[in-house]
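# Structure assessment
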Amino acid sequence: MTTNKISVAVSSKADGNHVIHKATVSAPTNIACIKYWGKADSHYNTPINDSLSLTLDQSDLRAVTSASASLAFDKDRLWLNGSEEVGAASSKRFRACVDGVRALATEKIDPNTKEVLVSKDDWKKMHVYIASYNTFPTAAGLASSAAGYAALVAALVELFGAKESYPGEFTAIARQGSGSACRSLYGGFVAWRAGGEKSDWSDSIAEQVADETHWEEVRAVICVVSDAKKETSSTAGMSTSVATSELLAFRAKEVVSKRMKLIEDAIKAKDFEAFGKVTMMDSNQFHATCLDTYPPIFYMNDVSRSIVQLVHRYNDWAGEIRAAYTFDAGPNAVLYTLDKHVIELLALVLKYYPCESEDLMGDYVNNKDMVTKALAFELDAGLLEAVEKSCSIRDIGDVKMVYCTRGGPGPQALDASSEVFDFKIE
């Protein structure tokens with residue numbers, strides 16, 4: 001049962017109709033390998049280039065959203081992480097998701113009697129209450145908005161029994177909330193096609209490149225360098241970059257399409273060497289465009305850059321790419337690797353970004369079994385010598401937490417025990 005319950009008093013209507021229709025889902029975050037940065041059309045929230053990401057497992061990193069609708073509700077309301085967001089329910093992004101999914105609603109029919117419980121017109125008369133929480137830092141560069149808006153759209157689809165009028169329509173709705181949210185509606189490796197051939201941008205949708213079972217050996221070690229809200233939001237940063245960075249324009253026109261083909265081919269062939277190289281190069285170029293922006297935007301910090309050095313020294317020592325870093329709009333590092341190397345990589349991370357004490361390791365790393373194996377792993381002396389030529393052990397606290405995870409599925413419907421709302425009928 002969730003510990004994030006929100007108690008809400010609901011006044012029944014004079015006619016006694018206070019039926020509350022409910023749905024709760026969880027949705028994953030995703031971490032881009034080919035980055036989305038820059039809007040082609042701010043109204044439709046569409047990108048200047050294609051992008052591709054891996055949807056992560058929801059065991060530790062997810063958003064949980066409950067969506068409810070009733071004639072007893074007198075207005076739309078939204079709660080995030082336990083607090084009501086006054087006025088948020090009238091925001092452009094929220095309305096695009098709620099109104100977009102409700103327009104695709106179907107009749108709710110009793111499975112036993114076949115009676116129509118809620119007609120399409122009835123849904124239009126109801127207000128909605130939405131409550132959502134994240135299980136990971138919000139706005140710190142871990143794609144929390146992607147998980148949040150994907151969960152919102154998925155919960156509304158469940159609530160309204162919505163049906164797409166064309167493949168990918170739900171992802172088109174989700175990207176109007178948060179661009180990268182469209183990729184979190186599918187599991188595994190997912191591409192977001194920029195679109196633009198259609199005037200309404202209905203071709204700017206997400207497509208699954210390979211599901212979560214295709215390349216199960218891929219792992220991710222996430223180093224949370226900061227769990228604070230970033231100084232420059234993604235929306236503001238993109239706007240400034242599009243307006244001032246010539247490098248960003250060149251990237252969108254000349255670079256991304258080639259990298260999309262390279263990485264999709266690498267994924268299909270399970271070629272980690274090629275996958276890792278293009279992932280790191282694209283992360284570097286994304287942050288180069290941020291530096292090329294005027295005034296420049298700094299999402300990475302000294303700790304982030306030290307992780308970049310660590311990964312390159314590790315790969316140089318190994319004679320192959322065993323780990324690949326990527327940084328979204330924040331200082332946190334996502335290190336992709338394969339299952340056969342993940343313990344070695346985690347051991348390296350724990351040596352150079354140490355926990356205060358082994359007693360606190362259970363709070364520092366989310367996976368206790370992997371911690372035990374990593375602490376017992378003996379790192380090669382040659383590797384340590386290679387790393388220490390350019391890297392030193394960082395101060396305790398430079399990395400706040402480490403998540404060990406893998407690819408996973410898209411949104412999941414949850415049962416009543418996970419419902420965020422606790423309604424009190426008055």
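Residues numbered from 1 in each chain as written. Predicted model: local features only at pLDDT ≥ 70, side-chain atom pairs only at ≥ 80, totals over all residues. Heavy atoms only, no water.

## A few points about the pattern of salt bridges
Under the counting rule described, the total for this entry stands at 20 salt bridges. Residues Asp76 and Arg95 are paired through a salt bridge, measuring 2.9 Å at the closest nitrogen-oxygen approach. Here the residue Asp76 occupies a position in the loop between strand E7 (62–70) and strand E8 (77–80), and Arg95 occupies one in helix H1 (residues 92–102), the gap between them amounting to 19 residues. For Asp76, a relative accessible area of 14% translates into the label buried. Arg95 gets classed as partly exposed once you look at its relative accessible area, which sits at 22%. In this structure, the salt-bridge partner of Glu320 is Arg322, at a minimum N-O distance of 2.8 Å. (Salt bridge = Lys/Arg side-chain N within 4 Å of Asp/Glu carboxyl O. Helix = DSSP H or I, 4+ residues; strand = E, 2+ residues; numbered from the N terminus. Buried < 20%, exposed > 50% of the residue type's maximum accessible area, 1.4 Å probe, protein only.)

## Let's talk about the sheet that holds strand E6 (residues 51–55)
Spatially, the 4 strands line up as an open sheet ordered E3-E6-E13-E14, and their pairing is antiparallel. What marks the edges here is a single partner per strand, and that holds for strand E3 (30–34) and strand E14 (206–210). When strand polarity is set aside, the average angle formed by the axes of neighbouring strands in this sheet is 35°. Alignment of E6 against strand E13 (residues 189–192), held across 4 bridges, turns out to be antiparallel. In the strand pairing of E13, Leu54 is matched with Phe189. Across the sheet, helix H7 (residues 272–292) touches E3 and E13, and the angle it forms with E3 is around 95°. (Pairing = 2+ DSSP bridges. Axes fitted to C-alpha atoms, helices over the stretch in contact; angles between N-to-C directions. Contact = heavy atoms within 4.5 Å.)

## Observations regarding helix H9 (residues 342–352)
Here H9 lies mainly inside the structure; 10 of its 11 residues are buried. Buried residues of H9: Val342, Ile343, Glu344, Leu345, Leu346, Ala347, Leu348, Val349, Leu350 and Tyr352, and no others.

## Observations concerning unusual backbone geometry
With an omega of -10°, the peptide bond between Tyr294 and Pro295 qualifies as cis. Along the chain, the position of Pro295 falls in the loop between H7 and helix H8 (302–318). A positive phi angle, near 55°, is found at Asn45, a position not held by glycine. Tracing the backbone through its elements, the reader meets Asn45 in the loop between strand E4 (39–41) and strand E5 (46–47). Positive phi, close to 65°, is recorded for Lys114, a residue that is not glycine. Mapped onto the elements of the fold, Lys114 is located in the loop between strand E10 (108–109) and strand E11 (116–118). On the basis of relative accessible area, Lys114 is assigned to the exposed category, the value being 59%.

## Notes on the packing of aromatic side chains
By the definition in use, this model includes 19 aromatic pairs. Considering the side-chain rings of Trp37 and Tyr299, the 5.8 Å spacing of their centres and the 85° angle between planes classify their relative orientation as edge-to-face. Within this pair, whereas Trp37 is found in the loop between E3 and E4, its partner Tyr299 is found in the loop between H7 and H8, the two being separated by 262 residues in sequence. When sorted by exposure, Trp37 lands in the same class as Tyr299, which is buried. Members of the aromatic cluster, connected to one another through ring pairs, are Phe73, Trp79, Tyr129, Phe421 and Phe423. A cation over a ring is seen here: Arg77 above Tyr129, with NZ or CZ 5.2 Å from the ring centre. Above the face of the Tyr352 ring, Lys351 is positioned so that its terminal group lies 5.8 Å from the ring centre. (Phe/Tyr/Trp six-rings, centres within 6.5 Å; stacked < 30°, edge-to-face > 60°. Lys NZ or Arg CZ within 6 Å of the ring centre and 35° of its normal.)

## Observations concerning the side chain of Glu169
Within the secondary structure, Glu169 sits in helix H4 (residues 169–177). It is Arg175 that comes nearest to the buried, bridge-free Glu169 among opposite-charge side chains, at 9.8 Å. Discounting residues that sit within four places of it in the chain, Glu169 has contacts with Leu104 and Glu164. (Lys, Arg positive; Asp, Glu negative; His and termini not counted.)

## With respect to helix H11 (residues 368–376)
Met370, Val371 and Ala374 are the residues of H11 that are buried. An end-on view of H11 places all buried positions within 105° of arc, on one side of the element. Facing away from the buried side of H11 by over 90 degrees, the exposed positions are Lys368, Thr372 and Ala376. N-cap assignment for H11: the residue whose side-chain oxygen lies 3.2 Å from the backbone N of Asp369 is Asn367. (Arc of directions from axis to C-beta. Polar contact = N/O pair within 3.5 Å; in protein donor to acceptor, adjacent residues only side chain to side chain.)

## What about the nonpolar core?
With 110 residues, the main nonpolar core has Leu52, Phe189, Phe275, Ile307, Leu335 and Tyr336 as its most contacted residues. For this core, the leading source of residues is helix H3 (residues 144–160), giving 12 residues. Residues Val8, Tyr129, Ala131 and Phe423 belong to the second largest nonpolar core, which totals 14 residues. (Core = buried A, V, L, I, M, F, W, Y, C linked by side-chain atoms within 4.5 Å.)

## Observations regarding the sheet that holds strand E15 (residues 218–224)
Pairing in this open sheet of 4 strands is antiparallel, and the strands run E16-E17-E15-E18 from one edge to the other. Both outer strands of the open sheet, strand E16 (323–326) and strand E18 (401–406), are each paired with one neighbouring strand and no more. Sheet twist, expressed as the average angle between the axes of neighbouring strands with direction ignored, equals 20°. Bridge count for E15 against strand E17 (residues 333–338) is 6 bridges, and the pairing is antiparallel. Bridging from a neighbouring strand, Ala220 pairs with Tyr336 of E17.

## Remarks on the packing of H9 against helix H12 (residues 381–388)
Running from N to C, H9 and H12 cross one another at 50°; their axes reach a closest spacing of 12 Å. By the criterion of interaxial angle, the relationship of H9 to H12 is oblique. Relative to H12, H9 is oriented so that their crossing is right-handed. Here H9 contributes Leu348, Lys351 and Tyr352 to the contact with H12, which in turn contributes Leu383, Leu384, Val387 and Glu388. (Parallel < 35°, antiparallel > 145°, perpendicular 65-115°, else oblique. Left-handed = near helix turned anticlockwise from the far one by under 90°.)

That's the geometry; what it means functionally is another story.
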